[in-house]
2 protein chains.
Amino acid sequence: MDKPLSGAEITRVTLIESAIGLFAERGYDAVSTRDIADLAAANIGSIAYHFGGKPGLRLACAQHVIGNIAATVGPAFLRPLPPLTPDQALEMIERMMGVFTNFWMVSEGSQSFVNFILREMLVKGEVSELFYSAWMKPMHKRFCELFGIATGRDPASHEVKIAVFSFIGQVFHFRVGQPLIMRRLEWDELGEREAEHIVNGLVKNTRAIVLAYRLQD
Amino acid sequence: MDKPLSGAEITRVTLIESAIGLFAERGYDAVSTRDIADLAAANIGSIAYHFGGKPGLRLACAQHVIGNIAATVGPAFLRPLPPLTPDQALEMIERMMGVFTNFWMVSEGSQSFVNFILREMLVKGEVSELFYSAWMKPMHKRFCELFGIATGRDPASHEVKIAVFSFIGQVFHFRVGQPLIMRRLEWDELGEREAEHIVNGLVKNTRAIVLAYRLQD
DNA sequence: GTCTATAAACAGATAGAC
DNA sequence: GTCTATCTGTTTATAGAC
């Protein structure tokens, strides 16, 4: 990793990063290839050369985002789970919710990534397919495993899957509804301090849900 | 209401409804005024005549959606709250979550409305502003009041506001992540029966969260 | 009010010089 | 690989007949 890039690779990556920023901000259809090339200080022809066209660039953006996410938070979802007590599993759920919330809400560098993903999720297509299989599904699966251990229930059951979707959904909404949330809470910015409030609230909710599902034995 | 519409009004409404359907499906920027006029069996010129242009039509769509929502679920959010015991407030929260979930997830007619809103929420602008002030904010406020009564906490406090955002967010995610959810749950369609499973899960979570916040006195 | 024809700007793709 | 010039189709907006 971090090996020096050739000129062509620099152009390629710059185009991708510029495109992600613009797609995140305005949406795929509202961005022209000219805008992308200008921002990347490249020429329009380079998009056809490197990606075959605008749809190719879109897919390359998705792969770039997936790759980055997989490298940072992926291992936590794919590494096999050690044996855990119910309380340890609960603790791990809370910790993962904290990490996920921070990534999704505040982490500076991932701002564009997150908005890009959010927009693509509303579109049925190759890109959202990729996000689901490479990122959402493993995450959901891992939470289900942990939820199963923490509550004593079957991690493959509908009730567990639905409960996990619910508390993952909490986090999403804090992103989509961010404008309203900031106004309602009278926040001018969303920094570390504000994120901590949100994380605390979400962790508390998550704990409450887990405990409500826990079977006494 | 339901008074006979003049010819011009029919054209106007048909254009709006066609536009909402297409905007919901593909997004504002991916839809051309020609497509809208064709679907509405009108001509391109009529969009300029009735709405001034494409942005005017977008706003008219937003107002149409807001108007419909306000007429159906609005009163429940604006009507002053009668005196309630904590348990009655909890029961009302659960009932409202059920109604909201049904509207947001399955209700046939509102499918386009919901997708239209979802897409517009990601865009900063006049339209999302309208949704926030006319729909999301009153709903959030009402849930906070009920949550305050149900838990004995200050409905204007940050912790209550955040908790309410959380469980509203659960519902949103079931919409955005619908493709993944249906695959993970091995559902082929999302009908009454499936919605009931989801509503039951959400109500259970909501109850758990409320009880976790309830102050003993 | 409705509809058609057309204008002016813009899109993505491409051919070919360097 | 890069960049420019250009092609072809499509976009929204508009002028004017009916």
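The rules behind the values
- Residues numbered from 1 in each chain as written.
- Chains lettered and ligands numbered in written order.
- Predicted model: local features only at pLDDT ≥ 70, side-chain atom pairs only at ≥ 80, totals over all residues.
- Heavy atoms only, no water.
- Core = buried A, V, L, I, M, F, W, Y, C linked by side-chain atoms within 4.5 Å.
- Buried < 20%, exposed > 50% of the residue type's maximum accessible area, 1.4 Å probe, protein only.
- Contact = heavy atoms within 4.5 Å.
- Helix = DSSP H or I, 4+ residues; strand = E, 2+ residues; numbered from the N terminus.
- Expected span 1.5 Å × (residues − 1).
- Near = heavy atom within 4 Å.
- Polar contact = N/O pair within 3.5 Å; in protein donor to acceptor, adjacent residues only side chain to side chain.
- Nonpolar A, V, L, I, M, F, W, Y, C, P; charged D, E, K, R; others polar.
- Salt bridge = Lys/Arg side-chain N within 4 Å of Asp/Glu carboxyl O.
- Least-squares fit on C-alpha atoms with pLDDT ≥ 70 in both.
- Buried area = accessible area lost by both parts, 1.4 Å probe.

K.L.:
A description of the nonpolar core should follow, citing residues and the corresponding values.
P.N.:
Membership of the largest hydrophobic core comes to 146 residues, with the highest contact counts inside it found for A:Trp135, A:Phe147, B:Trp135 and B:Phe147. Ignoring sequence-local partners within four residues, the contact set of B:Trp135 consists of B:Ile66, B:Ile69, B:Val73, B:Phe77, B:Phe100, B:Phe103 and B:Leu130.

K.L.:
Break down helix α8 (residues 126–151) of chain A for me, citing the residues and quoting the values.
P.N.:
A rise of 1.5 Å per residue sets the reference length of α8(A), with its 26 residues, at 38 Å; its end C-alpha atoms lie 36 Å apart and thus fit the reference within 8%. Taken from the residues just after α8(A), A:Gly152 is the one with a positive phi, measuring 80°.

K.L.:
Explain the protein's contact with DNA strand C to me, using residue names and the numbers behind them.
P.N.:
Around DNA strand C, 13 residues are found, and the nearest of them are A:Thr33, A:Lys54, B:Thr11, B:Asn43 and B:His50. In the environment of DNA strand C, a phosphate oxygen lies 2.7 Å from a nitrogen or oxygen atom belonging to the backbone of A:Thr33. A distance of 3.3 Å separates a phosphate oxygen of DNA strand C from a polar side-chain atom of B:Tyr49. Only α2 (33–39) of chain A together with α1 (7–26) and α3 (44–51) of chain B provide two or more residues apiece to the surface near DNA strand C. Here the element with the most residues in the surface near DNA strand C is α1(B); it accounts for three residues. Counted by class, the surface near DNA strand C contains four nonpolar, seven polar and two charged residues.

K.L.:
Kindly report on the pattern of salt bridges, identifying the contributing residues and their values.
P.N.:
Residues and elements named next belong to chain B. Counted by the stated rule, this structure contains 18 salt bridges over all chains. Note that Glu 91 and Arg 95 form a salt bridge whose closest N and O atoms lie 3.7 Å from each other. You can see Glu 91 and its partner Arg 95 sitting in helix α6 (residues 86–105), four residues apart, about one turn around the helix. Taking the shortest distance from any N to any O, the salt bridge between Glu 145 and Arg 142 comes out at 3.0 Å. Of the two residues, Glu 145 and Arg 142 both sit in helix α8 (residues 126–151), three residues apart, roughly one turn of that helix. Among the residues examined, Glu 145 registers a relative accessible area of 31% and is labelled partly exposed.

K.L.:
Describe in detail the relation of the copies chain A and chain B, supporting the description with residues and values.
P.N.:
Least-squares fitting of chain A to chain B yields an RMSD of 0.1 Å, with the transformation described by 0.0 Å of translation along the axis and a rotation of 180°. Look at the turn and shift together and you get a two-fold axis relating the two. When the interface residues of chain A are mapped onto chain B, 100% of them again lie at the interface, so the same face is used by both copies.

K.L.:
Explain the interface of chain A and chain B to me, using residue names and the numbers behind them.
P.N.:
Taken together, the contact between chain A and chain B spans 47 residues of the former and 47 residues of the latter. Summing both partners gives a buried area of about 4500 Å² for chain A against chain B, and 67% of it is carried by carbon and sulfur. Summed over the shared surface of chain A and chain B, the result is two salt bridges. Connecting chain A to chain B are twelve residue pairs in polar contact (both at pLDDT 80 or more). Every element with two or more residues in the side of chain A that touches chain B is listed here: α7 (111–121), α8, α9 (158–176), α10 (178–184) and α11 (192–213) of chain A. Take the side of chain A that touches chain B: its biggest share by element is 13 residues, from α9(A). The residue makeup of the side of chain A that touches chain B, split by class, is 26 nonpolar, ten polar and eleven charged.

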